[in-house]
Amino acid sequence: MDYIINATDKNRELSVFVAKTTDMVNTMRSIHNPSPVVCAAIGRSMTATSIMAIGMKGEKDKITTIIKGNGYIGNIICVSNHTGNVKACATNYNVDLPLRDDKKLDVGRAVGTGGSLTIIKDLGLKEPYIGNSQLISGEVAEDYTNYFLNSEQIRSAVGLGVLVDVDYTVKYAGGFIVYVMPFASEDTILKVEKNISNLSSVTDMMKEGKSPEDIADVLLSGLGCDILSNKQVGYECDCNKDRIEKALISLGKNEIKKIYDEDKKVEIQCHFCNKKYNFDENELLHLIKKIS
Ligand code: ZN
């Protein structure tokens, strides 16, 4: 069972989120069948997206993160809401690269070191909030840290990890985000920085049997650790025929007319869960009338 905890230090100067996301990344893997390096890249971004989303207040609030790297994967899109449940997709799932010298998956090269991270927050206002920053390493965690600083002026530390087993299943996935409050004292910042620099990787800690609570304890060592919430998360696609119909309508009347004239039917597959939706002759005709 995957879950995310939110913890804070005794002075409430830090907001710490720690996630276990092994099951949701495994579900993504069973839907998209990605190569290990793509699985790791998507899994890292899914984990960060889920953590960011779970802090949102409104039931209809939505967050979309788009990594548009200049590497082999293309785009990685993750969508989540206040439940922290995530859906994800990418342009190219079949990227095979040699391991790095340290025997780790070369996520940076697969994502690309150039490009952008765009985050769209739909908070039910007239216009969504759109933030954007350059990718700095393609390793995902550093790119999110850079995004928070440059786009939202928030100091943070982000750690994300996905360990893919020899049979391509996900053995461990998880991550943390430490947000530093604007009023945090220098002493607290120094202490948490020291804790983070002494930290082993998220997947190494999970391998040692550490739970998100244990990892929060390590992050907040010497600062007091108060756990505020614990929420279950998972992979969830919320597609339905109405939404797919809207996507079809967005193609425009001429395009739908062309489909109608040529094939009299169309099958559209959801990019996030591969579910297929069929529109027959009557439904296409109805759509064409609806747009007119
Ligand atoms: Zn779907």
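Now for a look at the structure at hand. Every value quoted in this text rests on a predicted model; they were computed, and no experiment measured them.

The next point concerns the environment of Ile77. Summarising the element assignment, Ile77 is placed in strand E4 (residues 75-81). Considered as a pair, Ile77 and Asn26 are 51 residues apart in the sequence and their alpha carbons are 17 Å apart.

Next up on the list: the pairing of strand E11 (residues 266-269). Sheet topology places E11 next to strand E12 (residues 276-279); four bridges connect them, and they run antiparallel. Along E12, the bridge assignment pairs Val266 with Phe279. In this structure, the hairpin formed by E11 and E12 is closed by a connection of six residues, where Asn274 is found at a positive phi of approximately 70°.

Taken together, the protein ligands of the zinc ion are Cys237 (SG), Cys239 (SG), Cys270 (SG) and Cys273 (SG), with distances of 2.2 to 2.3 Å. For the zinc ion, the four donor atoms are set out with angles of 102 to 115° between them, so the coordination reads as tetrahedral. Accessibility expressed as a relative area gives 23% for Cys237, which makes it partly exposed. Its relative accessible area of 16% is what places Cys239 among the buried residues.

Okay, the packing of aromatic side chains next. All chains considered together, the criterion is met by four aromatic pairs. Taken together, a centroid distance of 5.8 Å and an interplanar angle of 75° make the contact between Tyr147 and Phe148 edge-to-face. Each of the two residues, Tyr147 as well as Phe148, counts as buried. On the basis of an interplanar angle of 75° and a centroid distance of 5.4 Å, the ring pair of Phe148 and Tyr179 is categorised as edge-to-face. One end of the pair, Phe148, is in helix H4 (residues 141-152); the other, Tyr179, is in strand E9 (residues 170-180), and 31 residues separate them in sequence. Positioned over the ring face of Phe279 is Lys241, at 4.6 Å from the centre of the ring. Positioned above the aromatic ring of Tyr260, the side-chain terminus of Lys264 is 4.6 Å from the ring centre.

The rules we used
Residues numbered from 1 in each chain as written. Predicted model: local features only at pLDDT ≥ 70, side-chain atom pairs only at ≥ 80, totals over all residues. Heavy atoms only, no water. Helix = DSSP H or I, 4+ residues; strand = E, 2+ residues; numbered from the N terminus. Pairing = 2+ DSSP bridges. Donors = N, O, S within 2.8 Å, 3.2 Å for Na, K, Ca; no water. Tetrahedral: all angles 85-135°; square planar, octahedral: opposite > 155°, others 65-115°. Buried < 20%, exposed > 50% of the residue type's maximum accessible area, 1.4 Å probe, protein only. Phe/Tyr/Trp six-rings, centres within 6.5 Å; stacked < 30°, edge-to-face > 60°. Lys NZ or Arg CZ within 6 Å of the ring centre and 35° of its normal.

Remember that the coordinates give geometry; whether it matters functionally is a separate question.
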